[in-house]
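Secondary and tertiary structure notes
Below are the chains, spelled out letter by letter.
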Amino acid sequence: MSHRLSGNEAVAYALKQINPDVMGAFPITPSTEIPEQFANYVANGEVNTEYVTVESEHSSMSVCIAAQAAGARSVSATSSCGLALMYELLYVAASCRLPITLACVNRALSGPININHDYSDSMGARDSGWIQIYAENNQEAYDNFIMAMPIGEHLSVRLPVMSCMDGFITSHAVENIELLETDAVRSFIGEYKPENYLLKKENPLAVGPYDISPYYMEHKVQEAEAMKAAKARILEVAAEFAKISGRSYGLFEEYRMEDAEFALVLMGSSAGTAKAAVDKLREDGVKAGLVKIRVFRPFPGEELVRALAGTRAVAVMDKSEGFSGSGGPLFAETRSALYDLKERPHMINIVFGLGGRDLKVEDVEKVFGRLANIAVTGEIGPLYTHMGQRSKEEIV
Amino acid sequence: MSTVYNLKREVEKPVRLTGGHRLCAGCGAGVIVSGVLRALDKEDRAVVVNATSCLEVSTFMYPYTAYMDSYIHSAFENSAATCSGVEAAYKALKRRGKVEGTVKFITFAGDGGTYDIGFQSLSGAMERGHDMVYVCYDNEAYMNTGIQRSSSTPLFARTTTTPVGSVGQGKKQNKKDLTEILVAHNIPYAAQTAPIGNFKDLHSKSYKAIYTEGPCFLNILSPCPRGWDYPMEKLAEISKLAVDTCVWPLYEVEEGVWRLSYTPKKKLPVEDFLRPQGRFRHMFQKGNEWMIEEAQKYVDQKWESLLERCGA
Ligand SMILES: Cc1ncc(C[n+]2csc(CCOP(=O)(O)OP(=O)(O)O)c2C)c(N)n1
Ligand code: SF4
Ligand SMILES: [Mg+2]
């Protein structure tokens, strides 16, 4: 069925179809509509979820952790400062191997306070042990959310999943999207059947020990192994999902990459703009292509190597600063992944769109222009720049 | 049903907190936790929640747990939210026919995890009305990190962050009255107790808290021989002195009705409680008589207002 929904409405609708056991709810722009919409489903008896209206995001993640440990499928939604407030608990959730699902509607982190989109919130949580999947548009936001539980809950994984979409751009824009039948969603997701949980009658369970050095590292390695194993599971679930939806997903999307000489690597809704630029350049005979990262954790390094192997110059575009002093987080990962390649493309990093600053087709075209120049001269110029800074001379 | 208290019968129940945990000898926390859990009916299951604290690091060090019931620890400041989450899961799964039997939810947190960093989480959980018991074992400082002051630390007490020096005289502020704040949440049951005598008071209050529907709160004085600086065998004695000096009055508030649980036959001077403890030693130095007077004045004033509230 085709519907017109915003990204938030699409995720709320997915939640209604899933009918989770427990939801922790706390408002923050731009994710607020998700718990609001879900509250209506609760009020109208369309779901029978235990809807816990906590006093902070810290508590909503705490509720999710405890409920999931107790044997309940638990969900929440947040953005920006809310995710930052959860920070300590994100690690607890992952290390307890609790497959909670969190709708993360990306928004710039304070300060200064700003409500618009960038990835500073979820990028700050990239080392927390959560799987992170990013949507380009409303359809993907809906689809990714439905795939999250079969990924996270699988025995080989058992990790929490952050299903991310771009604040306002995706969360608030209304688009035509295809929804699955509720029965199809429910049978796709299945029952949550953890091996052990707090409320299991047969044997009590203790969760969250004080873990000493002789064991701590083993536990962390198990967690790391689970993150590695998640890659195969993500693809398996995507293949199953394609069967019921007709929509295919990989770890990333390659757009006109077959013979691309110049490529961009970026994520989220900016891919829409970038695709338009690629199409335009292709018409002019420029061999431009795009890699849109869908799964950032686990990072698809090996697969990216294959995708970028034939290119001459690559621009990694980060929509978060990272403050490493040497480029954004997507750049660091991508550049490191390509290290083992014998014939590496030139690579630059462009940080753009912080706090919701617009990316235009012309901006992307300029980046490709710079890549073509690098390929000719062999000079990359500054490695890491910020797009469209008003006070400095434009480099891009 | 444990309507008439019988210590012998109670201690014959299977233990829910086993020995072999790593709390210091003479620590109040262990006897308090055992005492509260003992009030559970034998056939009922429980999920125990801990905040990060001396108790937590001593009772669940991987791979050994001292608890016979299910248990969860998540962080320092979120034990009430954690308990809410388990209770929410229970409600949801019960509704969906996925859990059987009665399960009770009991949180134990220290004063730091309750009066201070976990205060918001606690207030939220109480306001939402989860069916749970929150127990604060109050040892009046952050003991696990080495005796730092909390808002529960009493006036003039020496801690590592309120040291006694040529200018400093221990903590500058009075103890926060948390029980009163919890009462203001209009919860069905809130009480103060301590590990004294045959544990009748602690037991009956625990029983009420566990078997009263809704959010219930127990504040239990938990002497700490290390932080309070007294010989470890004096747990019962110190607790009794806290009660008999009215430093730690025993009372309960049930559906808004205040009731005094114990009136000392003879109200002892506050210095009887202070003297055996190293953390108050400087108060007994020559020239510091004013400190004891001030402490006495505060206790008297709090006691009078409690008597008034209880209509005694
Ligand atoms: C967010 C956070 N801050 C600080 C700590 C360090 N910490 C662990 S336990 C503790 C003190 C606990 O004090 P209290 O709650 O009174 O329990 P006690 O150890 O005294 O029994 C502190 C400060 C922590 N674990 N987490
Ligand atoms: S330091 Fe105090 S509270 Fe901590 S275990 Fe020892 S006696 Fe108990
Ligand atoms: Mg303490």
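Residues numbered from 1 in each chain as written. Chains lettered and ligands numbered in written order. Predicted model: local features only at pLDDT ≥ 70, side-chain atom pairs only at ≥ 80, totals over all residues. Heavy atoms only, no water.

Looking at the state of the cysteines
Residue and element names in this part refer to chain B.
- With the rule as written, the count across this model stands at zero disulfides over all chains.
- Free of any disulfide, Cys-216 has its nearest neighbouring cysteine sulfur in Cys-83, separated by 11 Å.
- With relative accessibility at 0%, the residue Cys-216 sits in the buried group. (Disulfide = S-S within 2.5 Å. Buried < 20%, exposed > 50% of the residue type's maximum accessible area, 1.4 Å probe, protein only.)

So, the packing of aromatic side chains
- Per the stated rule, a full pass over the model turns up 19 aromatic pairs over all chains.
- Both rings, one in Tyr67(B) and one in Tyr71(B), keep their centres 4.7 Å apart while their planes meet at 20°; by these two values the pair is stacked.
- Taken together, the ring pairs in this structure connect Trp228(B), Tyr230(B), Phe273(B) and Phe280(B) into an aromatic cluster.
- Sitting over the face of the ring of Tyr339(A), Arg344(A) holds its NZ or CZ atom 5.1 Å from the ring centroid. (Phe/Tyr/Trp six-rings, centres within 6.5 Å; stacked < 30°, edge-to-face > 60°. Lys NZ or Arg CZ within 6 Å of the ring centre and 35° of its normal.)

With respect to the domain arrangement of chain A
All names here are of chain A.
- Considered domain by domain, chain A is made up of domain 1 (2–245) and domain 2 (252–395).
- Between the C-alpha centres of domain 1 and domain 2 the distance comes to 29 Å.
- Listed as interface residues are 27 residues of domain 1 and, on the opposing side, 26 residues of domain 2.
- Carbon and sulfur atoms supply 56% of the area buried between domain 1 and domain 2, which totals about 2100 Å² over both sides.
- Among the residues of domain 1 in contact with domain 2, Tyr-119, Glu-136 and Lys-231 are the three that bury the most area, contributing 30% of the side total.
- In this structure, the connection of domain 1 to domain 2 is made through five salt bridges.
- There are 18 residue pairs in polar contact (both at pLDDT 80 or more) connecting domain 1 and domain 2.
- Going through the elements one at a time, helix H6 (120–124), strand E6 (131–134), helix H7 (138–152) and helix H9 (213–245) are the ones with two or more residues in the side of domain 1 that touches domain 2.
- Looking at the side of domain 1 that touches domain 2 residue by residue, the classes come out as 13 nonpolar, seven polar and seven charged. (Domains from an automatic or database assignment. Contact = heavy atoms within 4.5 Å. Buried area = accessible area lost by both parts, 1.4 Å probe. Salt bridge = Lys/Arg side-chain N within 4 Å of Asp/Glu carboxyl O. Polar contact = N/O pair within 3.5 Å; in protein donor to acceptor, adjacent residues only side chain to side chain. Helix = DSSP H or I, 4+ residues; strand = E, 2+ residues; numbered from the N terminus. Nonpolar A, V, L, I, M, F, W, Y, C, P; charged D, E, K, R; others polar.)

Observations regarding the interface of chain B and chain A
- Every contact between the two is made by 42 residues of chain B and, on the other side, 42 residues of chain A.
- Together chain B and chain A conceal approximately 3300 Å² of surface at their shared face, both sides included; 58% is due to carbon and sulfur atoms.
- In this assembly, chain B and chain A are joined by five salt bridges.
- Here chain B and chain A share 21 residue pairs in polar contact (both at pLDDT 80 or more) between them.

Quick word on the layout of surface pockets
- Estimates place the volume of the largest pocket at around 1400 Å³.
- Lining the largest pocket are 45 residues, and of these Ser95(A), Cys96(A), Arg97(A), Leu98(A) and Val207(A) lie nearest its centre.
- Residues that form the lining of the largest pocket fall into these classes: 23 nonpolar, ten polar and twelve charged.
- In this structure, the second largest pocket occupies an estimated 420 Å³ of space.
- Forming the walls of the second largest pocket are 27 residues, and the residues nearest its centre are Pro14(B), Val15(B), Arg16(B), Met68(B) and Asp69(B).
- Contributing elements (two or more residues each) for the lining of the second largest pocket: helix H1 (7–12), helix H2 (28–38) and strand E1 (45–50) of chain B.
- It is H2(B) that provides the largest number of residues to the lining of the second largest pocket, a total of four residues.
- For the lining of the second largest pocket, the per-class residue count stands at 13 nonpolar, three polar and eleven charged. (1 Å grid on protein atoms, 1.4 Å probe; cavity = no way out; pocket = protein on both sides within 12 Å on 5 of 7 lines; lining within 4 Å. Points joined across faces, edges and corners; volume = space filled by probe spheres on them.)

Let's talk about the environment of Asp127(A)
Residue and element names in this part refer to chain A.
- Note that Asp-127 resides in the loop between H6 and E6.
- Those residues in contact with Asp-127 that sit more than four places away from it in its chain are Tyr-91 and Arg-297.
- Looking at Asp-127, its side chain comes within polar contact range of the side chain of Arg-297, at 3.4 Å.

Let's talk about unusual backbone geometry
- A cis amide bond links Ser110(A) to the next residue, Gly111(A), at an omega of 0°.
- The linkage connecting Gly111(A) with the following residue, Pro112(A), adopts the cis geometry, with an omega of -5°.
- Examined against the element boundaries, Pro112(A) turns out to sit in the loop between strand E5 (101–106) and H6.
- For Phe156(B), which is not a glycine, the phi torsion comes out positive at approximately 75°.
- Within the secondary structure layout, Phe156(B) lies in the loop between strand E6 (133–138) and helix H7 (178–183).
- The phi dihedral of Glu255(B) falls on the positive side, at around 45°, and the residue is not glycine.
- In this structure, Glu255(B) sits in the loop between strand E9 (251–254) and strand E10 (257–260).
- For Glu255(B), a relative accessible area of 63% translates into the label exposed.

Comments concerning the site of ligand 2
- Taken together, Leu23(B), Cys24(B), Cys27(B), Cys54(B), Asn139(B), Met143(B), Cys224(B) and Pro225(B) make up the full set of residues adjacent to ligand 2.
- Among the residues forming the shell around ligand 2, the class breakdown is seven nonpolar, one polar and no charged. (Near = heavy atom within 4 Å.)

Looking at the site of ligand 1
Residues and elements named next belong to chain B.
- Around ligand 1, 17 residues are found, and the nearest of them are Gly-112, Gly-113, Tyr-137, Ala-141 and Met-143.
- Between ligand 1 and Gly-113 there is a distance of 2.8 Å, counted from an oxygen atom to a backbone nitrogen or oxygen.
- Within the backbone of Met-143, one N or O atom sits 2.8 Å away from an oxygen atom of ligand 1.
- When isolated, ligand 1 has an accessible area of 590 Å², and the protein chains bury 78% of it.
- In terms of residue class, the shell around ligand 1 is built from seven nonpolar, eight polar and two charged. (Areas by Shrake-Rupley, 256 points an atom, 1.4 Å probe, with all protein chains shown as cover.)

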